[in-house]
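So you can see what is in the structure, the chains are spelled out below.
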Amino acid sequence: TTRNIIIYGIPNPEYTVTTWNDDGCSASAKVDIISTDISVTSLVSPVSKCDLSDNNPQAQITIMNSGSINFETGTTIKLKIYVDNVLVANGEEDLVLQDQLAAGQTISFTFSNVDIQAALSGKITADIKIEAALIGIEDINPANNILINTVRSTGYPSISLGGDKEDHAWTQVLSSIP
């Protein structure tokens, strides 16, 4: 017989299930509940700007413990950054937690070895992809380990004050509206 068991709160990551048949014979099985999940929640920098090279040299992201179990000090999260599906030079770094990351808590991370300005130089648009992976810990939802944001060079405004004018009395108000 198959039964669905709903466990609320998940206080322990493993359970033992024991069942008996009509003759009183029993069998047990251990069940591991995977409730660890890391997610990339935002790309803080780079962002769309007048020129993409106006961004800070470092890329910064926010990640979240989306699971129900805390990640302890020393947990390692492998992070990668891509521009247009190409791994950025030195774009693979390990975040080793210096403090516990509680369930539902976020943490900011700055790629220290990446020059995102150089990677974006000359581009009008760029797809920034961030990947996060737990090292040595199974992740229940790997789909939220990737974030892709498109950043754009919005360009600088053009200014037109009209043709050259010669006015010695300065009675005329200059306007940027043609």
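Details of the structure are given in the entry above.
Residues numbered from 1 in each chain as written. Predicted model: local features only at pLDDT ≥ 70, side-chain atom pairs only at ≥ 80, totals over all residues. Heavy atoms only, no water.

Let us now look at the overall build of the protein chain. Along the protein chain, the regular secondary structure elements total one helix and nine strands. Each helix (α) and strand (β) of the protein chain, taken in turn from the N terminus, gives the series β-β-β-β-β-β-β-α-β-β. Here the protein chain holds 178 residues, and 27% of them are scored as buried. Of the contacts made within the protein chain by residues no fewer than 6 positions apart, 62% connect residues no fewer than 24 positions apart. (Helix = DSSP H or I, 4+ residues; strand = E, 2+ residues; numbered from the N terminus. Buried < 20%, exposed > 50% of the residue type's maximum accessible area, 1.4 Å probe, protein only. Contact = heavy atoms within 4.5 Å.)

What follows covers unusual backbone geometry. Cis geometry is adopted by the peptide bond preceding Pro46, which originates at Ser45 and carries an omega value of 15°. Tracing the backbone shows Pro46 in the loop between strand S3 (38-45) and strand S4 (60-65). A positive phi angle is found at Asp84, which is not glycine, with a value near 50°. Tracing the sequence through the fold places Asp84 in the loop between strand S5 (76-83) and strand S6 (86-96).

In terms of nonpolar packing, the biggest core is built from 28 residues, with Ile77, Leu79, Ile81, Phe111 and Ile128 touching the most fellow members. Elements with a minimum of two residues in this core: S3, S4, S5, S6, helix H1 (116-120), strand S8 (125-134) and strand S9 (146-152). A per-element tally of this core places S8 first, with five residues. With near-sequence residues (within four places) excluded, Leu79 lies in contact with Ile61, Ile63, Gly91, Glu92, Glu93, Leu95, Phe109, Phe111, Glu131 and Ala132. (Core = buried A, V, L, I, M, F, W, Y, C linked by side-chain atoms within 4.5 Å.)

What follows deals with the packing of aromatic side chains. Given two aromatic rings, their pairing is described by the distance between the two centres and the angle made by the two planes. Under the definition given, this model contains one aromatic pair. Over the aromatic face of Tyr82 sits the side chain of Lys129, whose NZ or CZ is 4.6 Å from the ring centroid. (Phe/Tyr/Trp six-rings, centres within 6.5 Å; stacked < 30°, edge-to-face > 60°. Lys NZ or Arg CZ within 6 Å of the ring centre and 35° of its normal.)

This next bit is on the sheet that holds strand S7 (residues 106-110). One open sheet accounts for three strands, arranged S3-S4-S7; its pairing is antiparallel. The two strands at the open ends of the sheet, each matched to only one other strand, are S3 and S7. On average, each strand axis in the sheet is tilted by 25° relative to the strand beside it, whichever way the strands run. By the bridge criterion, six bridges tie S3 to S4 in an arrangement that is antiparallel. In the sheet register, Ile38 faces S4, and the bridge partner there is Asn65. (Pairing = 2+ DSSP bridges. Axes fitted to C-alpha atoms, helices over the stretch in contact; angles between N-to-C directions.)

Take the sheet that holds S9 next. Within the open sheet, the four strands sit side by side as S6-S5-S8-S9. Their pairing is antiparallel. For this open sheet the edge positions go to S6 and S9, each flanked by a neighbour on one side alone. Put simply, the sheet's adjacent strands are angled 20° from each other on average, direction ignored. In terms of strand pairing, S5 meets S8 through seven bridges, oriented antiparallel. Following the sheet pairing, Lys78 is matched in S8 by Ala133.

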